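What the coordinates show
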Amino acid sequence: YDHPCIKSNRYEPYLAFRYCENTPPFQEAFTGYGKNKMTFVMQLRRSGYFFSQLGGAFVVHYPHLDSKARLVWKEGQEELMTKNDGGVGVVDKDLLKSVDLKKYKRAQVDATFVEFKKWLDVALDEDDVRVRMCDDVQDDDSKLWVS
């Protein structure tokens, strides 16, 4: 099954591909936890790769405790996020304006991600992609702590 479009930049599939000289590198700015796989998939898509689901194969992800990197990533969530009517955590944008976000790993990574997206828009033309963003694409930027 070939994916006709991607609904979210937060798409992080398990990938299997042959490395070649033209394979885009992982962005070194995203280390530890947060947006490393996501930005790689975004760059692959913008570089003209397409995404297919393998038939007759599957991967199992065994649940595990949060890593130290994820625990650092989650710092500040309780105080900076609220629950919407559906019980989903959303960023309290008004509260973010009054907090020094530089002390939070998530905000630091989000700021780097904003810069990455600017670079991606200049470096890789959306017109050259083989897999477009879906018409009903999710607003992933609403989840960022910085803009």
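What comes next is a walk through the structure. (Residues numbered from 1 in each chain as written. Predicted model: local features only at pLDDT ≥ 70, side-chain atom pairs only at ≥ 80, totals over all residues. Heavy atoms only, no water.)

Per the counting criterion, the structure on display carries 8 aromatic pairs. Their ring planes at 35° and their centres at 6.0 Å tell us that Phe-17 and Phe-40 sit as a pair that is tilted. With Phe-17 in the loop between strand E1 (5-6) and helix H1 (36-46) and Phe-40 in helix H1, this residue pair connects regions lying 23 residues apart in the sequence. Classification of Phe-17 by relative accessible area gives partly exposed; the value is 42%. Considering the side-chain rings of Phe-113 and Phe-116, the 6.4 Å spacing of their centres and the 25° angle between planes classify their relative orientation as stacked. Of this pair, Phe-113 and Phe-116 are both found in helix H5 (residues 105-123), 3 residues apart, which corresponds to roughly one turn of the helix. There is no split in this pair, since Phe-113 and Phe-116 are both buried. Counting every residue linked through ring pairs, the aromatic cluster contains Phe-30, Phe-113, Phe-116 and Trp-119. (Phe/Tyr/Trp six-rings, centres within 6.5 Å; stacked < 30°, edge-to-face > 60°. Helix = DSSP H or I, 4+ residues; strand = E, 2+ residues; numbered from the N terminus. Buried < 20%, exposed > 50% of the residue type's maximum accessible area, 1.4 Å probe, protein only.)

Let us now look at H1. With respect to burial, H1 is a largely interior element, 9 of its 11 residues being buried. The complete set of buried residues in H1 reads Met-38, Thr-39, Phe-40, Val-41, Met-42, Gln-43, Leu-44, Arg-45 and Arg-46. The inward-facing, buried residues of H1 contact E1, H5 and strand E4 (132-133). (Contact = heavy atoms within 4.5 Å.)

Under the criterion given, the structure shown has 10 salt bridges. Between Lys-117 and Asp-141 there is a salt bridge; the shortest N-O distance is 2.8 Å. With Lys-117 in helix H5 and Asp-141 in the segment after E4, this pair connects stretches of sequence that are 24 residues apart. When its relative accessible area of 35% is taken as the criterion, Asp-141 is described as partly exposed. (Salt bridge = Lys/Arg side-chain N within 4 Å of Asp/Glu carboxyl O.)

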